[in-house]
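Observations on chain architecture
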Amino acid sequence: MKIGEAIKKGFVIGKQNMALIILLFCVNLLMSGVGFLFGLGPTATPRPLEEINFLPVIAFVLLAMGVGIFVQGGVLGVVRDFVKWKEKVKLSKFFISYARKFFLRLLGLGFFMIGIVLILLLVTGGISALITLIAGATIGGIISTVFLLLGVFAIISVMFFLFPAYFILVVEETGVIPAVKRSVSFVKKFFGKVLGLLVLWLLIYVGISVVIGLIALLIGNMGNITLQRIVGAILNGAIGSFMMVCITGSWISFYLVLSGDNKETTTVIPE
């Protein structure tokens, strides 16, 4: 499968699953409402740092993370069914079959990736500090900066090789470690195509985000900052929901075709 075909298929899948996109949009609106109750809504007045109660902020962040992982499992599951078996999305399966089923595995994968990042940060940070202590501030500072840059590169590389694990975990219905191993093997085998698809989707998403930002800025220039924030939040929620389904469908199709799994049935329902 070519990169352009994967992008096109993703948008086709998105257009064919508007019920799922509407569900995601409603979840986004609900979370925005909860954020407003925590004083984090679009109309919240900025306050000095010392006046902020961080307990509600932390509670909301943890809630948002939990809801995000729960929703991710549902989206991956129902889109997998649609792409692989041409099964129309059933929202009952979203919550009952998949969101609950894959929650702990996706959470475990997230902790696994965070753990690797922390280890790399500790190793590069420790080496940098040791070099600075031995070689002095001037020379040590230069060498430690190089090590820190290498650490950043290592983190980006690890994230790149492990990113497909989120899709593989659900498509193959496997555990965290097997998904990680298959992800690394898949990226090694199709390095150029994986990189190209990832970069292209990032560029598309950034481009859309810039357009949304310009629209919100235009509204803000009319003198209504609250309206600017509300419109920006709604547009981000709508576009984000649509893009989540498109990107998920694109990557699942991409993986199924290139891995040779059920090639003949990975074509989505024609428009």
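Residues numbered from 1 in each chain as written. Predicted model: local features only at pLDDT ≥ 70, side-chain atom pairs only at ≥ 80, totals over all residues. Heavy atoms only, no water.

1. A word on the overall build of the protein
- Tallying secondary structure elements over the protein gives nine helices and zero strands in all.
- Sorting the 271 residues of the protein into buried and exposed places 36% on the buried side.
- Sequence separation of at least 24 residues holds for 76% of the intrachain contacts in the protein that already meet a minimum separation of 6.
- If you sum the accessible surface of the protein, you get close to 14600 Å²; carbon and sulfur atoms cover 75% of it. (Helix = DSSP H or I, 4+ residues; strand = E, 2+ residues; numbered from the N terminus. Buried < 20%, exposed > 50% of the residue type's maximum accessible area, 1.4 Å probe, protein only. Contact = heavy atoms within 4.5 Å. Areas by Shrake-Rupley, 256 points an atom, 1.4 Å probe, with all protein chains shown as cover.)

2. Things to note about helix H1 (residues 3-15)
- Spanning 13 residues, H1 covers 19 Å between terminal C-alpha atoms, matching the ideal 18 Å at 1.5 Å per step.
- Among all positions in H1, only Ala6, Ile7, Lys9, Gly10, Val12, Ile13 and Gly14 are buried. (Expected span 1.5 Å × (residues − 1).)

3. Description of the nonpolar core
- Of all hydrophobic cores here, the largest spans 56 residues; its most connected members are Val79, Trp251 and Phe254.
- With sequence-adjacent residues up to four places away left out, Val79 is seen in contact with Ile13, Leu20, Val245, Thr248, Gly249 and Ile252. (Core = buried A, V, L, I, M, F, W, Y, C linked by side-chain atoms within 4.5 Å.)

4. Observations regarding the layout of surface pockets
- If you add up the space inside the largest pocket, you get close to 460 Å³.
- Elements supplying a minimum of two residues to the lining of the largest pocket: helix H3 (54-85), helix H6 (165-171), helix H8 (191-221) and helix H9 (225-259).
- With six residues, the single largest contributor to the lining of the largest pocket is H9. (1 Å grid on protein atoms, 1.4 Å probe; cavity = no way out; pocket = protein on both sides within 12 Å on 5 of 7 lines; lining within 4 Å. Points joined across faces, edges and corners; volume = space filled by probe spheres on them.)

5. Quick notes on the environment of Ser259
- As for its placement among the helices and strands, Ser259 is situated in helix H9.
- Sequence separation between Ser259 and Phe190 is 69 residues, and the spatial gap between their C-alpha atoms is 9.6 Å.
- Polar contacts involving the side chain of Ser259 include one to the main-chain carbonyl oxygen of Tyr255, which spans 2.7 Å. (Polar contact = N/O pair within 3.5 Å; in protein donor to acceptor, adjacent residues only side chain to side chain.)

6. Quick look at the side chain of Ser250
- Here Ser250 is to be found in helix H9.
- At a separation of 3.1 Å, a polar atom in the side chain of Ser250 contacts the side chain of Trp201.
- In contact with Ser250, not counting residues within four places along its chain, are Ala6, Ile7, Gly10, Leu197 and Trp201.

7. Considerations on the pattern of salt bridges
- A full pass over the atoms with the stated rule returns four salt bridges.
- Close ionic contact of Asp81 with Arg80 constitutes a salt bridge, the shortest N to O distance being 2.8 Å.
- According to the relative accessible area criterion, Asp81 is buried, its value standing at 3%.
- Between Arg80 and Glu173 there is a salt bridge, and its shortest N-O distance comes to 3.2 Å. Of this pair, Arg80 sits in helix H3 while Glu173 sits in the loop between H6 and helix H7 (176-189); the two residues are 93 residues apart in sequence, bridging distant segments of the chain.
- Using a relative accessible area of 2% as the deciding quantity, one classes Arg80 as buried.
- You can call Glu173 partly exposed: its relative accessible area is 35%.
- Salt bridges linked by common partners bring Arg80, Asp81, Lys101 and Glu173 together as one network. (Salt bridge = Lys/Arg side-chain N within 4 Å of Asp/Glu carboxyl O.)

8. Notes on the confidence of the model for the protein
- Of all residues in the protein, 85% attain a pLDDT of 70 or more, and the chain-wide mean is 82.
- Note that residues 264-271 has pLDDT below 50 and, in this model, 24 contacts with residues that lie over four places away or in other chains. (pLDDT = per-residue confidence, 0-100.)

9. Quick look at a nonpolar patch on the surface
- Together, Ile139, Ile142, Ile143, Val146 and Leu150 make up a nonpolar patch on the protein surface, roughly 450 Å² of accessible area in all.
- Along the chain, Ile139 falls in helix H5 (residues 137-162). (Patch = residues over 30% accessible without salt bridge, like charges linked within 9 Å, V, L, I, M, F, W, Y side chains within 5 Å.)

10. Let's talk about the packing of aromatic side chains
- Under the definition given, this model contains 13 aromatic pairs.
- Ring geometry for Phe160 against Phe191: centres 5.3 Å apart, planes inclined by 75°, an arrangement best described as edge-to-face. A residue pair is termed long-range when its members are at least 10 positions apart, and Phe160 in helix H5 and Phe191 in helix H8 qualify at 31 residues.
- Measuring from ring centre to ring centre gives 5.2 Å for Phe163 and Trp251, while their planes differ by 75°; the resulting arrangement is edge-to-face. In this pair, Phe163 is assigned in the loop between H5 and H6 and Trp251 in helix H9, connecting sequence segments 88 residues apart.
- Taken together, the aromatic side chains of Phe163, Phe167, Phe186, Phe190, Trp251, Phe254 and Tyr255 make up a single cluster linked through ring pairs. (Phe/Tyr/Trp six-rings, centres within 6.5 Å; stacked < 30°, edge-to-face > 60°.)

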